Each structure stands twice: as C-alpha cells, then as structure tokens.
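# Residue-level structure breakdown
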Amino acid sequence: MAYQQGCLRKAHRKAGEVWSLRFRITKPNGSRVENTYIVGPVSKFPKEADAKREVDRLGLLVRINTEAQTGRIKFTDLAEHYLTADFGEDAARPKSETTIPIVEHYVRHYLIPRWKDVIAEDIKPLDIQRWLKSLSTRAEEPLAWPTIAKIRTIMGRVYKVGLLHELVTKNPVKHTECQGRSDYKPIDITPEQTLAILQAMKSALHSALVLTCAATALRASEILSLRWSDVIWFESRIRVSKRWAKGADGKTKTESSDDYVPVHSLLAGHLREWHRQTPHAKETDFMFPSLAANGRVPVSASTFVADYLRAAAIAAGVVIPQGKRFGLHNLRHSLSNWLVSKAKTDPKTVQGLLRHANVKTTLQLYARSDGDETRAAQGAFLGAVGIASA
C-alpha cells in the first residue's frame, strides 16, 4: 500500500474556516473510506505551507498511514475524530459554548492519556469499569462519582460517534456501570438570612440582583442575560430564552429552561423601582448591568459573589466552610428547598418554577404548573423574607 501524504483542504465550521487533512482508511469489513483530521484554524495557519508544518508537528502523516495499514483505529484517533465530528456540521445535538471546552478537557486530560494508542476495539468493558473506579480512589485529587459518570458518558459517546461514522463496530462502554451519587451538600439560606443579605447590599443594583435571583430561582447565567424587554409586565412574568456565557448570549442550558418564570406583584414592585433608578433603562439594556463597563455587559457574577454576596452571607449567619462553593446558585437551591420542606408547596409547582426537565430532579415528579400557582408560591417566599410592596 502506497504511503499517503493526505490532502489539505479548507473546511467551513461554525467557529470559522479550518484546515482539514483528508485521507483514506480501511474499515474492518475491508472497504476503503475517506476520513479527516482537523489541523487547525485558517486564522492561525493562513497559508497551506503553514498547515503542512503543523501536520508534521502533530505527526499526522505517520498516524494516517498506521491507520491505513492496520484498518483498526487507535483510541486517541477515535477520540480526535469525535471532537471534530460531534461538534461539527454532522452533530445531531449542537453543543453550547460552555459545553465544548468541558468535553475537550475530559477527552484530552483523562480519556486520551489513559487509552491513547490502544486499538479502540480491543478495549474491554471490565478494563474500562476498573479504570473508572480507580479515578475515585487515586491518591492525587480523587474524582467525585458524578464527574466519573460524566467521563463515562463522554467515552460512550466517542464510541457512538465512531459507530455512526463506521470507524468501529462495537461500543464497550455500554456494558459498564458507574455510580452517580454525589457527596456534594449545598448550603441552604433561610428566608431570615436572605433578608439580612438584602439589607447588607449597599447598591440598589446588587439588592435587585439578589432579590430577583432568590425569588425566581433563575440560574446565574440566565439572570445576567436578561434585558428589560424580557420582563412582560402585564403578564407578570419574565421570558427566559438565553444565558450569558463567555461574554455573549447563548442558548439556555436545556430545552425546558427556555420558558417563563413568574413575577409576583411584590417582586414586580421592586423591579419597577430598580427600573426607575438604573441608568440603563432602555428595552435593550441589561437588567443588571456592569456600571464600570457603562452597561455594555452584565455585572460579573464571580466578582459580585467574591466581593459582596459571600461576605454578606457569612455576616447573616450562613455557615460557609473554607473552600466550599457558594454563589448565586445557592439562592436557587434554597428557594426550592424552602418551598418543598417548609411551605409544603406541591412539588409539581416547584418543578415548574425551577424549569426542571428530568423527573428525578424534583422529587421524582415530572409535570408543569400554571402561572398562578408558581406566582403564589413565589409570593409566599417573599412574604416569609419580609419584602414589602415598593
């Protein structure tokens, strides 16, 4: 078989033009098919000569000729193919801007280093399961089981995409098992502590941000993306159709997250008061803008938590152990916990308020609630906090 040099071509991707190296491989059934490797963006390698040097640096010619001769793909190549195919035009489920780097991290820092040059079809299910289990007990930074479960899911998808593109004939991951239990225990904030936190906020912007997050259970990325046009005053609700990630608007976390949240009259009064005070009150302006950036972007959640929310919570009596995660998401969790355990609100109503998609997320129940019920539940919480009409 002749030594392949491959063929460099430019290809269009969502993120821009890239150089792709095209070559042929022999499938297990003996047929020859075309395969590709993404070499890099055209913006980084503007000339074909630049792309060829990158091909040499990555050792792609050796790799493609090894594959062509054996007809059996190595795991590292299968994983690289997955990163190209599952994020490209053939992807059935487009990935968000925040998901892509997370998946790449797990593939490049865990999967490839462990299985690199092993022939993908020679990897046994029991070997995979033993490796997954070892991640929870390793001496250096043992991983939590939910993280391990995520790695297992991604590895399974590597094989699934390989099956779709006829690079492998089986998926050994589907025969493995993995725990999904988490040791993480969220920090709850009581209504009394919520009021103390609100009273500690010296800025009207920060006060409105905390109150809205505490009463609507919006995720931090969702609340930051809100514009004033998203508030439908006459319907007493807020439209949630995007989230703020990496300095730009993106799709919501899940399809069920793309929905509405209720706005009780108590919350609406305080939002109207903030609307009167904010220097950025146009329909297209952010509801919670960065004043330092003159409203061009929303306030930074991480900066707000580090500089204001964490200190205010500790002063309010919230116990936050050293190194424990704490942020706006704790307000979301605290609302749901209070509604279920204290207010005895119907779990279906709570599920509707939090816009959960999975039945397991909210007490194993899956149902939608109407706006009147969720607004009443929200009003009960605001009353417990001690919020008066603005």
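Every chain begins its residue count from 1, and numbering advances along the sequence as written. Under the rules for a predicted model, residues below a pLDDT of 70 receive no local features and side-chain atom pairs below 80 are neither given nor counted, while totals for whole chains, interfaces and linings still include all residues. No hydrogens and no water enter the side-chain calculation; it runs on all heavy atoms of the structure.

### Description of the overall build of the protein
Helical segments are the DSSP runs of H or I of at least four residues, strand segments are the runs of E of at least two, and each set is numbered from the N terminus. Secondary structure assignment for the protein yields 14 helices and eight strands. Buried means the residue's accessible area, taken with a 1.4 Å probe over protein chains only, is under 20% of the maximum for its type, while exposed means over 50%, and partly exposed covers the values in between. Looking at the protein as a whole, 48% of its 390 residues are labelled buried. By the convention used here, residues are in contact when the closest approach between their heavy atoms is within 4.5 Å. Long-range contacts, defined here as pairs at least 24 residues apart, represent 59% of the contacts in the protein between residues at least 6 apart. To be clear on the numbers: accessible area is Shrake-Rupley with a 1.4 Å probe, and residue cover counts the displayed protein chains and nothing else. Accessible area for the protein stands at about 20,300 Å²; split by element, carbon and sulfur atoms hold 51% of it.

### A short note on the environment of Val 103
Secondary-structure assignment places Val 103 in helix α4 (residues 99-115). Residues Val 103 and Leu 83 lie 20 residues apart in sequence; the distance between their C-alpha atoms is 8.5 Å. The contact partners of Val 103, leaving out residues within four places of it in the chain, are Tyr 82, Leu 83, Phe 87 and Ile 154.

### Quick notes on unusual backbone geometry
Excluding glycine, residues mostly carry a negative phi; peptide bonds, for their part, are mostly trans. For Ser 236, which is not glycine, the phi dihedral falls at a positive 55 degrees. Its place among the elements puts Ser 236 in the loop between β4 (231-232) and β5 (237-240). Taking the relative accessible area as the measure of exposure, Ser 236 reaches 27% and is therefore partly exposed. In the Ramachandran plot, Lys 246 falls in the positive-phi region, its phi being about 55 degrees despite a non-glycine side chain. Note on placement: Lys 246 falls in the loop between β6 (243-245) and β7 (248-250). What makes Lys 246 exposed here is its relative accessible area of 62%.

### Quick notes on the nonpolar core
Among the nonpolar cores identified, the biggest contains 57 residues, and Ile 197 and Phe 288 are the most heavily contacted of them. Looking at this core, the element that brings in the most residues is helix α8 (residues 204-216), giving eight residues. Leaving out residues up to four positions away in the same chain, Ile 197 has contacts with Ile 189, Val 210, Leu 309, Ala 312, Ala 313 and Ala 316. Among the nonpolar cores identified, the runner-up in size contains 47 residues, and Ile 64, Ile 148, Ile 151 and Val 158 belong to it. Remark: nonpolar core denotes a set of buried residues (Ala, Val, Leu, Ile, Met, Phe, Trp, Tyr, Cys) joined through side-chain atoms within 4.5 Å.

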